[in-house]
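In case you want the letters, here they are:
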Amino acid sequence: MTGRHGHIRRTRFMQCPCFLERLVGHFDRKIHLVVDGHSAHRSKTVHTWLAGHTDAIELHFLPPYSPELNPDEPVNADLKHSLPKGHRARNQAELAAETRRFFRRRQRQPHIIRSYFHGPHVRYTLNENPLSF
């Protein structure tokens with residue numbers, strides 16, 4: 001799963017529906033997952049897997065070139081702003097550790113998680129959503 005320099009070969013990894021399988025296993029109702037147009041999200045492998053799980057999950061694709069509509073963007077911005085100023089991870093392991101610390105902190109701060117979905121461009125995620133945000 002790693003390339004020449006130890007980087008994960010994203011396309012192969014992302015095309016494996018393992019993540020979707022795990023996600024579906026955590027919920028007892030249908031999941032509506034918002035994704036961007038990355039080729040991995042549109043792969044034949046993912047498409048085939050989704051066809052067999054239409055009662056459990058549905059993908060909703062964002063329009064091309066619309067990062068402002070992507071609910072991940074406020075999370076990414078928060079992560080970047082939470083890192084110490086001027087600090088750069090020395091290697092991939094350090095970056096992964098800092099990222100895990102960030103997400104563990106955010107798990108204990110649901111009010112911040114909720115705020116990600118109240119921006120004007122991502123508010124659509126709350127429409128008809130049975131979850132209490």
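If you're wondering where the values come from, they're calculated on a predicted model, not measured in any experiment.

A. The arrangement of the environment of S115 in detail. Relative to the assigned elements, S115 resides in helix α6 (residues 110-115). The exposure class of S115 is partly exposed, given its relative accessible area of 40%. It is 9.8 Å that separates the C-alpha atoms of S115 and V75, two residues lying 40 residues apart in sequence.

B. Up close: the pattern of salt bridges. One pass over the structure, following the stated rule, counts 3 salt bridges. The partner of E58 in a salt bridge is K30, with the nearest N and O atoms 3.3 Å apart. Here E58 is found in strand β2 (residues 57-61), whereas its partner K30 is found in the loop between α2 (18-25) and β1 (31-35), with 28 residues between them in sequence. On the basis of relative accessibility, which here comes to 30%, the residue E58 falls in the partly exposed class. Across the pair R90 and E94 runs a salt bridge whose closest N-O atoms are separated by 2.9 Å. Residue classification places R90 among the exposed residues on the basis of a relative accessible area of 72%.

C. Region of the structure containing the packing of α2 against helix α3 (residues 44-51). Two elements in contact, α2 and α3, have axes separated by 10 Å at closest approach and are oriented at 30°. Taken as axis vectors, α2 and α3 run roughly parallel relative to one another. α3 is crossed by α2, and the crossing has right-handed handedness. Residues L20, E21 and V24 of α2 form the contact with α3, whose participating residues are V46, W49 and L50. When its residues are assigned to classes, the contact of α2 with α3 shows 5 nonpolar, no polar and 1 charged.

D. Spotlight on the confidence of the model for the protein. Chain-level pLDDT for the protein is 82 on average; 83% of the residues reach the 70-or-more range. Counting interchain partners and residues more than four positions distant, the pLDDT-below-50 stretch residues 1-9 has 10 contacts.

E. Main features of the packing of aromatic side chains. Enumeration over the complete set of coordinates arrives at 1 aromatic pair. Here F102 and F103 contribute two aromatic rings whose centre-to-centre distance is 4.9 Å and whose plane-to-plane angle is 75°, an arrangement assigned as edge-to-face. Among the residues examined, F102 registers a relative accessible area of 0% and is labelled buried. Positioned over the ring face of F61 is R42, at 4.0 Å from the centre of the ring.

F. Fine view of the pairing of β1. Taken together, the 5 bridges between β1 and β2 define a ladder with parallel strand orientation. Paired with L33 across the strands is L59, a residue of β2. Between the parallel pair β1 and β2, the chain is carried across by α3, and the sense of this crossover is right-handed.

G. How the structure looks around the packing of helix α4 (residues 72-82) against helix α5 (residues 92-107). One can describe the packing of α4 onto α5 by two numbers: an axis separation of 11 Å at closest approach and a directional angle of 115°. Classified by the interaxial angle, the pair formed by α4 and α5 is roughly perpendicular. Considering only the axes of α4 and α5, their crossing is right-handed. Between α4, through V75, D78, L79 and S82, and α5, the contact on the second element is made entirely by T99, F102, F103, R105 and R106.

Reading guide: rules and limits
- Residues numbered from 1 in each chain as written.
- Predicted model: local features only at pLDDT ≥ 70, side-chain atom pairs only at ≥ 80, totals over all residues.
- Heavy atoms only, no water.
- Helix = DSSP H or I, 4+ residues; strand = E, 2+ residues; numbered from the N terminus.
- Buried < 20%, exposed > 50% of the residue type's maximum accessible area, 1.4 Å probe, protein only.
- Salt bridge = Lys/Arg side-chain N within 4 Å of Asp/Glu carboxyl O.
- Axes fitted to C-alpha atoms, helices over the stretch in contact; angles between N-to-C directions.
- Parallel < 35°, antiparallel > 145°, perpendicular 65-115°, else oblique.
- Left-handed = near helix turned anticlockwise from the far one by under 90°.
- Contact = heavy atoms within 4.5 Å.
- Nonpolar A, V, L, I, M, F, W, Y, C, P; charged D, E, K, R; others polar.
- pLDDT = per-residue confidence, 0-100.
- Phe/Tyr/Trp six-rings, centres within 6.5 Å; stacked < 30°, edge-to-face > 60°.
- Lys NZ or Arg CZ within 6 Å of the ring centre and 35° of its normal.
- Pairing = 2+ DSSP bridges.
- Right-handed = clockwise from strand over helix to strand, strands pointing away.

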